[in-house]
Amino acid sequence: MYDVAIKTEGLTRRFGDFTAVDQISFEVKKGEIFGFLGANGAGKTTAMRMLTGLLMPTEGQAEVAGFDVYKQAESIKKSIGYMSQKFSLYNDLTAEENIRFYGGVYGIGRNELPQKTDEVIDSVGLQSVRKKPVESLPLGWKQKLAFSISILHQPKVVFLDEPTGGVDPVIRRQFWEKIYEIADRGITVFVTTHYMDEAEYCDRVSIMVDGKIEALDTPKGLKQSFSCDSIEEVFIQLARSAERGQG
Amino acid sequence: MKTIVHISSVSKNFGKVEALKNISFEVKEGELFGLIGPDGAGKTTLFRIINTLLLPDEGTATVLDHDVEKDYKTIRPLLGYMPGHFSLYQDLTVEENLQFFASVFGTTLEENYELVAPIYSQLEPFKNRLAGALSGGMKQKLALSCALIHKPELLLLDEPTTGVDAVSRKEFWDMLQSLKKEGITIVVSTPYMDEANLCDRVALIQEGEIMQIDEPQRIVNSFEKPLLGVKSPQTYKLLRALQQYKWTDSIHPFGEYMHYTDKRGKPNLVSLKTYLFDQGISDVQIKPVQPNIEDAFMALMHNGLEE
Amino acid sequence: MNTFKGFVIKEFKQIYRDKRTLLVLFGMPVIMMVLFGFAIRNEISDAQIGVLDFSRDDVTQTLTHKLQASKSFTVNAWLESYEEVEDLFRQGNIKEIVVFEQNFAEKLEREGVADIQVITDATDPNLAKLVQAYTGSIVRDYVADLNAENGIEIQQAGLQPEVRMMYNPELRSVNLFVPGLIAIILMLISALMTSISITREKEMGNMEILLVSPLKPYHIIIGKVLPYMVLSIVNVLTILLLARFVFEVPFRGSNLFFFLEAGLFIMTALALGVFISSAANNQQTAMMVSLAGLLLPTVLLSGFIFPVSSMPEVLQWVSHFIPAKWFLVIVRGIMLKGSDLMLVWKETLILGVMTAGFIGLSLKKFNVRLQ
């Protein structure tokens, strides 16, 4: 067993002259909910792509679920789940078909799949619409379904890229209940969001500015050390000093 | 004070989907009016009825005393409109975009420079950059400049801050405040509840219906139940325990502290603590908290479901 | 008016900025011309044929010699009997076998009639037909010479009596392709590009702003259409110049009349493009509809590749509704026959009515609102 789910050391990615991610080092513990904040263009997406094995770092070290991002990208992909607001489900497939499709992609056996499918359908409460194309579902349901699918294969770490954009506050909280639940089961959650109040739901929060991690602490700790009342104020204080992302 | 937008019993269906159900409200001159609600609530449909692009199935809508159906030609030039997910012309530069929208509305950048100057001045160093290469926040500023270029009397902004980071969002709202001072009436929609506080009045929309229209503070004040914040390092266990607690009226995760209301109105702190202790939850902290607009919204949604 | 000018300027800028599309738009006519002109030829040269001569007299030898001498044929096999025919065809190189009956010259002299049988390999029917026609015309030339001398006649078995190939005696395919190419390119640029460019505005959300602006619907339509009209005219010119100076296609009619007719067809295509974009909501749909609904019929049913007269009756009937069919008749007329309005007024009128109809439809469908 490992206790550290994600570990980076001086992780850097350059695109030509441009350093998108600049020497970031941090550790995320198993079962932790880790908030990854940053302004548009601060380098969040690039960092996330390196951690999910989609992009090779230029230099530095990183391990995800105990696997090295340079040599074991394929093993990383098998042990993580990923959900983003932009890419999630196939709109023209039904809820059931989506689940089966992703189950197949992640190598869940034929015998197991029907039962897993029922579990997901029940947990999201989609019994009555399981045979309808996903397109016709309200956004909140779609997002909950996408989330359930991302943890279908029992990943060790799940990456959530702005999972709650545009959903109503009740659904947003149901979403966070699920996040708490899987964290309780020992799955590590790595989440980005533009809702600053959501940062306060996380166990720890990092704030990226111009490719560097400028702050990393518990929400409470951050508020104390920056003498602010909310993470939003901390964020604005830090991100205001940003030099790039201005164009 | 003059009424700028007058919506009266408006309904709109798309096939079987009821996008708007019997909606009525007014926007006064110089007001910053917010339409707050999640995706799919009907905000965009409402905007398209105000800007005359859609006709209501039932009810009437007037803008600046002109009927949206009959007098659409009169209304359109008076509007500044920024559609949701509006992305400008990616292959034109910042300056060309602005000049284009100026010319389309029969004016020039120079003529109305004063109005857009506070916003556009931030963009001017990048005026020769293609709009496609701008960051999210910058794009919003440019889009706002484009909507303002012909000095509209009513500004309609459909989710201008969606997907934009907190800093850019704050700057954007600062701009709206200063435009308000210029006397421009603004109707803006957003899925971010916290932005409701920045409006003069808001309409909370859910599934095509307006749940409440009021000043944000008064909506918050309408939340009357005593609210407790409960916290423990065992977040999920605490949540489960409180969901099963017999006196729980509502329990919502709210960051560090969960927000709890009691069926009895006034909660019994001692028995609550004892219950949580019996459930094996350690380090429980309980304190009274002030409700915010989200608490109010969720309470309204909850009531709506029970009706 | 300034409003409209600004709109048109923006359109030109956008087209100009999109270098890749621009390259395709200007490169395509050239590539297509070269492809059709050089690679995909319909005329035959040096087709290998065989001769089965049961007579071996002066006349048959002269005829064989004439076949051999023509650029179209090479006589490559001399057969002894019918049994060899199938074997030769199976080998695949020989495309045609010409059979002269016994006592050919004698019969010709005595009865005035002698039979030539032409056997072709019809696995490639187009080629078979062409080979047959070429042979026919060589034999007829010879007969004409003979007739001039002493009034005898040679009959050709299995060959329909044919008139002389007028206007395009060498059956040069490039002459036929040029008008078809013009039609295709105009459809592609005018209809496809216009429909894509309008639906793109819809997709990006800009159309909503344009609609609420003081721009009138016809401003938007004309503004969108104008740049592609210019592009189309440039392309028509490119094709014509290539056709005349590289492929030496004759141009017998009036230039002005040609451009007027081409202008009319451009209008047709543009109107179709606008019409498609008023129904389609995204670029993908617009593209699919334009390709499947406009381009394919233009290629297949207009008479560009397959003659309308040899289509089943139903398709002939359908082809009447394809604007390119009428345009092809007009352009072939102008280029090859030197026709003027007197000769093609009917086709022009049909095209004009179609265009007016499409413009009317699209103006009606192009809403001032979203629904």
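Every residue gets a number counted from 1 within its own chain, in the order that chain's sequence is written. Chains carry letters and ligands carry numbers; both start at the beginning, A for chains and 1 for ligands, and go up in the order they are written. Local features in a predicted model are, by the rule used here, given only for residues with pLDDT of at least 70; side-chain atom pairs are given and counted only at 80 or more, and totals for whole chains, interfaces and linings are based on all residues.

The name given to chain C in an unreviewed UniProt entry is ABC-2 type transport system permease protein, and the organism recorded there is Gracilimonas mengyeensis. UniProt positions are given in the numbering used here, feature names are shortened, and annotations may be inferred rather than shown by experiment. Per UniProt, the comment on chain C under Sequence similarities (unreviewed entry) is "Belongs to the ABC-2 integral membrane protein family." Taken from UniProt, the Subcellular location (unreviewed entry) comment for chain C reads in full: "Cell membrane".

Going by the annotation in an unreviewed UniProt entry, the name recorded for chain B is ABC-type multidrug transport system, ATPase component, with Gracilimonas mengyeensis given as the source organism.

Before going further, it helps to examine the nonpolar core. Val189 of chain A, Ile186 of chain B together with Ile182 and Ile239 of chain C are the most contacted members of the largest nonpolar core, which totals 230 residues. Considering every element that reaches this core, the biggest residue donor is helix H7 (residues 173–204) of chain C, with 17 residues. We call two residues in contact when the distance between their C-beta atoms, placed using the backbone, is within 7 Å. Not counting residues within four places of it along the chain, the set of residues in contact with Ile186 of chain B comprises Leu32, Phe33, Leu155, Leu157, Leu176, Leu179 and Lys180 of chain B. The term nonpolar core means buried Ala, Val, Leu, Ile, Met, Phe, Trp, Tyr and Cys residues held together as one set by C-beta atoms within 7 Å. To assign burial, the other C-beta atoms lying within 10 Å of each residue's own C-beta are counted, with C-beta atoms placed from the backbone; 20 or more indicates buried, 12 or fewer indicates exposed, and intermediate counts indicate partly exposed. Core analysis: the second largest hydrophobic core is formed by 18 residues, Ile97, Phe100, Phe104 and Ile119 of chain C among them. Secondary structure elements follow DSSP: runs of H or I of four or more residues count as helices, runs of E of two or more count as strands, with numbering from the N terminus.

Residue and element names in this part refer to chain C. UniProt records the feature "transmembrane region" (unreviewed entry) for residues 21–40, 176–198, 225–247, 253–276, 288–308 and 343–363 in the present numbering. Between the C-alpha atoms that bound residues 176–198 the distance is 33 Å, and the span itself is 100% helix and 0% strand. Segment residues 253–276 splits into 92% helix and 0% strand. End C-alpha atoms: 34 Å apart.

How far each domain reaches was decided by an automatic or database domain assignment. Per the domain assignment, the segments of chain B are domain 1 (3–221) and domain 2 (228–290). Here the C-alpha centroids of domain 1 of chain B and domain 2 of chain B sit 40 Å apart.

Pairs of strands are assigned from DSSP output, requiring at least two bridges between the strands. What the four strands build is an open sheet, ordered S2-S1-S4-S5 (chain A); its pairing is antiparallel. Two strands lie at the open edges of the sheet, namely strand S2 (18–29) and strand S5 (67–68) of chain A, each paired on one side alone.

Every contact between the two is made by 24 residues of chain B and, on the other side, 24 residues of chain C. Secondary structure elements with two or more residues in the side of chain B that touches chain C: strand S6 (79–82) and helix H3 (94–104) of chain B. Residue classes in the side of chain B that touches chain C are distributed as 14 nonpolar, six polar and four charged. The residue classification treats Ala, Val, Leu, Ile, Met, Phe, Trp, Tyr, Cys and Pro as nonpolar and Asp, Glu, Lys and Arg as charged. All others, Gly included, are polar.

Here the UniProt feature "domain: ABC transporter" (unreviewed entry) sits at residues 5–232 of chain B. Secondary structure across residues 5–232 of chain B comprises 30% helix and 29% strand; the distance between its end C-alpha atoms is 48 Å.

This brings us to the domain arrangement of chain C. Along its sequence, chain C is organised into domain 1 (2–40 + 178–365) and domain 2 (47–157). One C-alpha centre belongs to domain 1 of chain C, the other to domain 2 of chain C, and the line joining them spans 46 Å.

Each partner contributes residues to the interface: chain B has 34 residues there, and chain A has 34 residues. Elements that contribute at least two residues to the side of chain B that touches chain A include exactly helix H5 (136–148), helix H6 (166–181), helix H8 (235–244) and helix H10 (293–306) of chain B. Looking at the side of chain B that touches chain A residue by residue, the classes come out as 16 nonpolar, eleven polar and seven charged.

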